[in-house]
Amino acid sequence: MAERKYEAALVTGASSGLGRGLALWFAQRGTRVFAAARRVEQLRTLAEEARAAGGTVEPVELDVSQADRTLERIQRIDADCGGLDLVVANAGVGLETYAKRFNWERVKQILDVNVTGAAATLSAVLPKMVERNKGHLVGVSSLAAFRGLPRNAAYSGSKAFLSTFMESLRVDLRGTGVRVTCIYPGFVKTEMTAPNKHPMPFLLEPEEAVERMARAITRGVPVFAFPWQMSTAMKLVKAIPDSLFDPLVRKLR
Ligand SMILES: NC(=O)c1ccc[n+]([C@@H]2O[C@H](COP(=O)([O-])OP(=O)(O)OC[C@H]3O[C@@H](n4cnc5c(N)ncnc54)[C@H](OP(=O)(O)O)[C@@H]3O)[C@@H](O)[C@H]2O)c1
């Protein structure tokens with residue numbers, strides 16, 4: 001599959017981890033990248049790094065949990081830059097929500113960012129992309145979307161939403177010039193996984209994960225789950241009946 005080039009991209013959650021890496025990756029290849037997050041200092045440092053490498057990153061202070069503002073801001077960027085041709089809904093929070101110590105504030109925070117924030121990010125440009133018959137929408141889901149993982153009701157649920165949302169968009173947009181890619185990373189060494197005390201099989205370095213994700217995007221792969229060992233394991237886990245799944249994951253914890 002031929003690798004495509006992008007003129008203008010927006011990446012949310014670009015102040016650290018996978019989003020930062022993706023923003024830099026595309027900027028280094030000539031894409032004008034709007035890098036969005038709340039921590040502007042980190043975005044400025046990223047912009048300097050991109051400039052030193054001959055690329056362009058423009059910091060955008062954005063809290064995606066403010067859905068209406070997110071929608072307006074991205075629509076304005078799209079209009080001002082002459083049309084975004086790549087939008088990556090990557091911003092996410094990965095906090096635990098243990099059923100025996102449930103905390104609504106935490107659940108809401110996860111849903112506001114991972115569900116409403118991601119949907120607002122993509123919805124901001126989708127109608128214009130359809131009008132132009134050109135563009136690429138990317139959602140960063142997780143292998144945790146495949147089943148309701150222990151202590152992860154909100155996170156697994158939020159990523160299952162994003163995956164299903166991307167799938168429907170992909171079906172609707174089939175045959176048009178608008179592409180849809182859903183990415184399911186396994187464990188990657190980032191700020192999100194740093195506090196994890198449980199084992200993280202096949203943990204990837206962020207550079208390696210970014211390279212794989214960026215290549216999947218430029219090739220226009222509709223669904224990209226990695227690394228293959230974790231993705232295969234999760235596909236098997238998805239296929240087993242609840243009567244086997246429940247005791248299995250309890251044992252794993
Ligand atoms: N690391 C993994 O193992 C892994 C596995 C599967 C999926 N993922 C997914 O990959 C994506 C990136 O995660 P990461 O691992 O790179 O973690 P990370 O380093 O913690 O990055 C998360 C990014 O999301 C941004 N963010 C959080 N809340 C936000 C908000 N309200 N508004 C705007 N931006 C917000 C953060 O920026 P600010 O704090 O500056 O706003 C940060 O840039 C997430 O969607 C995550 O669920 C990660």
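Shown above is the structure to which this text applies.
Here we take up the overall build of the protein. Helix and strand content of the protein: 8 helices and 7 strands. Relative to a compact globule of 253 residues, whose C-alpha radius of gyration would be 18 Å, the protein shows 18 Å and is just as compact. Across its three principal axes, the protein shows a C-alpha extent of roughly 55 × 40 × 35 Å. When each of the 253 residues of the protein is scored for burial, the buried share is 43%. Of the contacts made within the protein by residues no fewer than 6 positions apart, 69% connect residues no fewer than 24 positions apart.

With respect to spatial proximity, 30 residues lie near the ligand, and among them G13, G17, R38, R39 and G92 are the closest. For the shell around the ligand, the element with the highest residue contribution is helix α1 (residues 17-27), accounting for 3 residues. Residues belonging to the shell around the ligand are distributed by class as follows: 13 nonpolar, 13 polar and 4 charged.

In this model helix α3 (residues 67-80) runs 20 Å from its N-terminal to its C-terminal C-alpha over 14 residues, within 8% of the 20 Å that 1.5 Å per residue would give. Three or more residues of α3 are buried, namely T70, R73, I74, I77 and D78. Summarising the axial view, the buried residues of α3 lie within an arc of 135°, below the 170-degree limit, and thus occupy one face. In α3, those exposed residues whose orientation departs by more than 90 degrees from the buried face are D68, R76, A79 and D80. Of the surrounding secondary structure, the elements contacted by the buried residues of α3 are β1 (8-12), β2 (32-37), β3 (56-61) and α4 (104-132).

Scoring rules and cut-offs
Residues numbered from 1 in each chain as written. Predicted model: local features only at pLDDT ≥ 70, side-chain atom pairs only at ≥ 80, totals over all residues. Helix = DSSP H or I, 4+ residues; strand = E, 2+ residues; numbered from the N terminus. Rg over C-alpha atoms; globule rule 2.2 N^0.38 Å. Buried ≥ 20, exposed ≤ 12 C-beta atoms within 10 Å, placed from the backbone. Contact = placed C-beta atoms within 7 Å. Near = placed C-beta within 6 Å. Nonpolar A, V, L, I, M, F, W, Y, C, P; charged D, E, K, R; others polar. Expected span 1.5 Å × (residues − 1). Arc of directions from axis to C-beta.

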